[in-house]
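Summary of the model geometry
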Amino acid sequence: MNENINPRVILLPETIKLADVPDNVYFSKEYAEFTSNSRLGLINPKQQGSPEKYKEGFDNGFNPSFVLGDAIHKLILQPNDYFLVETLYKPTGKMGLVADIVYEEYSKSEDYDQAVKIGIVKGDYYKGKLSEKNISKVSEACKEYVFNKSNIDVPKDKEGIFLDVRSIETVKTCVDNVDKDSTLQKYLKDEGIFSTVNSCEECVTADFKVILGKKEVIIKFKGKVDHYTFLDNYILQVNDLKSTGRQIEDFGNHSFYNYHYYRQMSIYTWLLSTYYKSRFKKIQIENPKMLVVSTIPPNDCGIFEVNKDHIQKGLFEFKELMSRVAVCTLYGFETQVIEDYLTGSFDKDLLS
């Protein structure tokens, strides 16, 4: 960034909050003003990001890897809240996304033909074109799923997870392999020295103050921590469950860097350690662990340890991206604003 301005990113410890926030709330308008690790990727040029992409946000397009990963996460980390349905199959691929939209719309109106049209448009299927051929194809593909979903018996107090037949088998194998892996279970099940501090999918929020010259910007941050606990001697252990579409041995050289997981782990460790230091005083920090399961046969599991160099790399990148967000918050989410700031042609008087 511009050395003449020397941005500073300061965590405000008193604003850190931990809470159990359901996904439908976490991703709702209630938390829309918060940035997140994944959203910071939208402004990171190393992840093909830009100010314009950050402002626009996620396109919510279909991603089969996300569907698999989300199901695996829920069944392993929140088994009391979710149930894998094996008696009804969702259509494969993007048609499955459309089927969910059709089901939602049909539940409101009971007009199946209209629900199909809305599903095609909202799901951007066939680029939203409502030709007779497209409508007929979607109508036939979604019919069984839409008409039978409400009749599926899901255990009380659980939410059903619906997938296509192939994904069901993949998810079942992944979850089973993780359950059988004693080393992974050691990290996931160990209650540590505080039975009340053994958390899965906890939401952490905090405010950061970014100082640019004489200007200050407050940026709200949110994240969902897969799992953490305290071991003996007040040792904080942060764990993150990841599914990968590659073999386990490739994770450390590919996914970990390509998806900037080191940034995610550094932020979560920083926030949690700061929060608990104000309560326990003498906590120590164990190297975070990434608990990995492959979604391709034979669906092996493994552990990748995040070291201090990874943490430092992640924190540096996080602060640099937060500075970009702060600059754009003040002067507009445009690539030219960032380019001017980086090259030193940015008007320093603007920040005085």
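Note that the structure is predicted; figures quoted are calculated from it, not measured. (Residues numbered from 1 in each chain as written. Predicted model: local features only at pLDDT ≥ 70, side-chain atom pairs only at ≥ 80, totals over all residues. Heavy atoms only, no water.)

1. A few points about the overall build of the chain
The secondary structure content of the chain amounts to 13 helices and 10 strands. Over its C-alpha trace the chain gives a radius of gyration of 22 Å, about what one expects of a compact globule, namely 20 Å for 352 residues. Considering only C-alpha atoms, the chain reaches an extent of 60 × 50 × 35 Å along its principal axes. Considering the chain as a whole, with its 352 residues, one finds that 49% of them fall into the buried category. Sequence-distant contacts in the chain: of pairs separated by 6 or more residues, those separated by 24 or more amount to 71%. Taken together, the 45 basic and 52 acidic charged side chains of the chain have centroids lying 4 Å from each other. (Helix = DSSP H or I, 4+ residues; strand = E, 2+ residues; numbered from the N terminus. Rg over C-alpha atoms; globule rule 2.2 N^0.38 Å. Buried < 20%, exposed > 50% of the residue type's maximum accessible area, 1.4 Å probe, protein only. Contact = heavy atoms within 4.5 Å. Lys, Arg positive; Asp, Glu negative; His and termini not counted. Charge placed at Lys NZ, Arg CZ, Asp CG, Glu CD.)

2. Some points on the packing of helix H5 (residues 94–109) against helix H6 (residues 112–122)
The contact between H5 and H6 brings their axes to 8 Å, and the two run at 140°. As far as their axial angle goes, H6 and H5 are oblique. You can see that H5 and H6 cross each other, and the crossing is right-handed. Each of Val 98, Ile 101, Val 102, Glu 105 and Tyr 106 in H5 lies in contact with H6, whose residues at this interface are Tyr 112, Ala 115, Val 116, Ile 118, Gly 119, Ile 120 and Lys 122. (Axes fitted to C-alpha atoms, helices over the stretch in contact; angles between N-to-C directions. Parallel < 35°, antiparallel > 145°, perpendicular 65-115°, else oblique. Left-handed = near helix turned anticlockwise from the far one by under 90°.)

3. Here's the deal with unusual backbone geometry
Cis geometry marks the peptide bond from Pro 297 to Pro 298, where omega comes out at 5°. On the secondary structure map, Pro 298 appears in the loop between strand E9 (289–294) and strand E10 (301–305). In this model, His 260 sits at a positive phi of 55°, which is unusual for a non-glycine residue. Relative to the helices and strands, His 260 resides in the loop between helix H10 (255–258) and helix H11 (261–280). His 260 sits in the buried class, given a relative accessible area of 5%. Positioned with a positive phi, Asn 299 is a non-glycine residue whose angle comes to about 60°. The residue Asn 299 is located in the loop between E9 and E10 in this model.

4. Digging into the packing of aromatic side chains
Geometrically, a pair of aromatic rings is defined through the distance of the ring centres and the angle of the planes. Applying the stated criterion to the full structure yields 28 aromatic pairs. On the basis of an interplanar angle of 85° and a centroid distance of 5.2 Å, the ring pair of Phe 256 and Tyr 257 is categorised as edge-to-face. When its relative accessible area of 0% is taken as the criterion, Phe 256 is described as buried. For Tyr 257, a relative accessible area of 33% translates into the label partly exposed. (Phe/Tyr/Trp six-rings, centres within 6.5 Å; stacked < 30°, edge-to-face > 60°.)

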